[in-house]
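In case you want the letters, here they are:
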Amino acid sequence: SASETTGVFVPKQEDYQKVYNEIAALLQDKDDYDDGSYGPVLVRLAWHASGTYDKETGTGGSNGATMRFQPEGDHGANAGLVTARDFLAPVKAKFPWITYSDLWILAGICAIQEMQGPTIPYRPGRMDKDIAACTPDGRLPDASQGNKHLRGIFGRMGFNDQEIVALSGAHALGRCHTDRSGFDGPWTFSPTVVTNEYYKLLLNEKWNWKKWNGPKQYEDKTTKTLMMLPTDMALVSDKAFKQWVDKYAKDEALFFKDFAAVITKLFELGVPFDETTQQTPMTLKPTAN
Ligand code: DDH
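Residues numbered from 1 in each chain as written. Predicted model: local features only at pLDDT ≥ 70, side-chain atom pairs only at ≥ 80, totals over all residues. Heavy atoms only, no water.

### Describing the overall build of the protein chain
Per the secondary structure count, the protein chain includes 12 helices and five strands. With the principal axes as the frame, the protein chain shows a C-alpha extent of 65 × 45 × 35 Å. Burial analysis of the protein chain (289 residues in total) assigns 52% to the buried set. Pairs at least 24 residues apart make up 72% of the contacts formed inside the protein chain by residues separated by at least 6 positions. On the protein chain, roughly 13,300 Å² of surface is accessible, and the fraction owed to carbon and sulfur atoms is 52%. Averaging the coordinates of the 32 positive side-chain charges in the protein chain and doing the same for the 37 negative ones gives two points 6 Å apart. (Helix = DSSP H or I, 4+ residues; strand = E, 2+ residues; numbered from the N terminus. Buried < 20%, exposed > 50% of the residue type's maximum accessible area, 1.4 Å probe, protein only. Contact = heavy atoms within 4.5 Å. Areas by Shrake-Rupley, 256 points an atom, 1.4 Å probe, with all protein chains shown as cover. Lys, Arg positive; Asp, Glu negative; His and termini not counted. Charge placed at Lys NZ, Arg CZ, Asp CG, Glu CD.)

### Comments concerning the packing of aromatic side chains
In total, this model carries 16 aromatic pairs according to the counting rule given. Seen in terms of ring centroids, tyrosine 33 and tyrosine 38 are 4.2 Å apart; in terms of plane orientation they differ by 15°. Their pairing is stacked. On the accessibility criterion, tyrosine 33 (10% relative accessible area) is buried. Relative to phenylalanine 259, the ring of phenylalanine 255 has its centre 5.4 Å away and its plane inclined at 40°; by these criteria the two rings are tilted. Here the residue phenylalanine 255 and the residue phenylalanine 259 both occupy positions in helix H12 (residues 252–267), the gap between them amounting to four residues, near one helical turn. As far as the burial class goes, phenylalanine 255 and phenylalanine 259 line up, both buried. (Phe/Tyr/Trp six-rings, centres within 6.5 Å; stacked < 30°, edge-to-face > 60°.)

### Considerations on helix H6 (residues 100–114)
The first and last C-alpha atoms of H6 sit 20 Å apart over 15 residues, in line with the 21 Å expected at 1.5 Å per residue. Across the 15 residues that make up H6, a large majority, 14, are buried. With its phi angle positive at about 65°, glutamine 116 sits one or two positions after the end of H6. (Expected span 1.5 Å × (residues − 1).)

### Comments concerning the site of the ligand
Close to the ligand lie 25 residues; Pro141, His171, Arg175, His177 and Ser181 are nearest. In this structure, an oxygen atom belonging to the ligand sits 2.6 Å away from a side-chain N or O atom of serine 181. At the level of elements, helix H3 (39–50), helix H7 (147–157), helix H8 (161–168) and strand S1 (175–176) are the ones that each hand at least two residues to the shell around the ligand. Among the elements that make up the shell around the ligand, the one with the highest residue count is H3 (five residues). Looking at the shell around the ligand, you find at least three residues from each of domain 1 (2–139 + 263–267) and domain 2 (147–261). (Near = heavy atom within 4 Å. Polar contact = N/O pair within 3.5 Å; in protein donor to acceptor, adjacent residues only side chain to side chain. Domains from an automatic or database assignment.)

### What about the coordination of the iron atom of the ligand?
Among protein atoms, the single one acting as a donor to the iron atom of the ligand is His171 (NE2), 2.1 Å away. Summarising the element assignment, histidine 171 is placed in the loop between H8 and S1. (Donors = N, O, S within 2.8 Å, 3.2 Å for Na, K, Ca; no water.)

### Describing the nonpolar core
Counting residues in each nonpolar core, the largest one holds 85 residues, and the members touching the most others are Ile23 and Leu88. In terms of residue count, H6 provides more of this core than any other element does, nine residues in total. With residues up to four places along the chain from it excluded, the contact list for leucine 88 reads Ile23, Leu42, Leu45, Leu103, Trp104 and Ala107. (Core = buried A, V, L, I, M, F, W, Y, C linked by side-chain atoms within 4.5 Å.)

### Structural notes on the domain arrangement of the protein chain
Each domain of the protein chain was delimited in the assignment, giving domain 1 (2–139 + 263–267) and domain 2 (147–261). On a C-alpha basis, the centres of domain 1 and domain 2 stand 23 Å from each other. Taken together, the contacts link 29 residues of domain 1 with 22 residues of domain 2. Counting the surface lost from both domain 1 and domain 2, the interface buries some 2,300 Å², and carbon and sulfur atoms represent 61% of this. (Buried area = accessible area lost by both parts, 1.4 Å probe.)

### Observations concerning helix H10 (residues 230–237)
Along H10, seven of the eight residues are buried, which leaves the element largely enclosed by surrounding structure. Three or more residues of H10 are buried, namely Pro230, Thr231, Asp232, Met233, Ala234, Leu235 and Val236.

### Some words on the environment of isoleucine 131
Note on placement: isoleucine 131 falls in the loop between H6 and H7. In this structure the C-alpha to C-alpha distance between isoleucine 131 and glycine 64, which are 67 residues apart in sequence, comes to 9.3 Å. Leave out the neighbours within four places in its chain, and isoleucine 131 touches Phe69 and Pro71.

Printed below as a string of structure tokens:
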């Protein structure tokens, strides 16, 4: 094998499973965060690492982990993600052979699966890049905008309407923090479980502007404890988007299937996989919980 001839460690599926298990165990142990789980912020790290991709120039994307460096780490959209990077630091120390870029995506997949989401196939092969590969500010979506902005930003990555709506279902998870984005609150009542609740709430709840001094956001009429961003509401005010919200609200299995496919595409944007050795995606086993 390559490792015998060159002395270089060539990780196998069982090695990636060990990294997965380590992250899953940390997720269990470190329950001092937000709603009891670092899972949502790990998903957001993997998404913001990937969502800088520009299909025209081939720049950005998860291949590089350039958010480690100050210009990109300090972009407004990435506020708070140092929490997720710090959470993973002991994992990187224990398994130094994995690149940051592969680790962040593996952590996103682990978080989704451990939060009872669909199985997401994993392909390693990302290389860390240096500071020169940092992307310019402004490639991630601005929550105060509407449908045109969504199609512009996600179209640049290569996504269509259906894919934009399926990706947005990730907002079943986690919450907004006033000291990060300025917005406040969770989207759903179960922010540490992957569900289609985001779509159901978008359709079935009445949403009013929240009366406060913060940035413009919506609150639910019934409990005033949930929130939607202007970009979230664009998915029901735009007819083409809304068709997909209707479908995913009715059919959680369809959402799981489409979410798994689109998140895999997101996490692999701009990643030059080695066609001969790393073509076959691996399925990492969730811990029984
Ligand atoms: Fe998001 N997101 N997101 N988001 N996102 C925020 C939190 C989380 C937008 C804005 C925000 C996706 C799409 C969009 C997650 C996953 C994904 C916050 C709050 C803002 C603001 C940050 C904070 O204050 O802590 C906008 C705008 C869009 C869009 O235009 C479509 C996508 C595609 C995903 C994904 O994962 C595929 C997750 C998870 C969180 C919760 C983080 C946490 O700490 O909790």
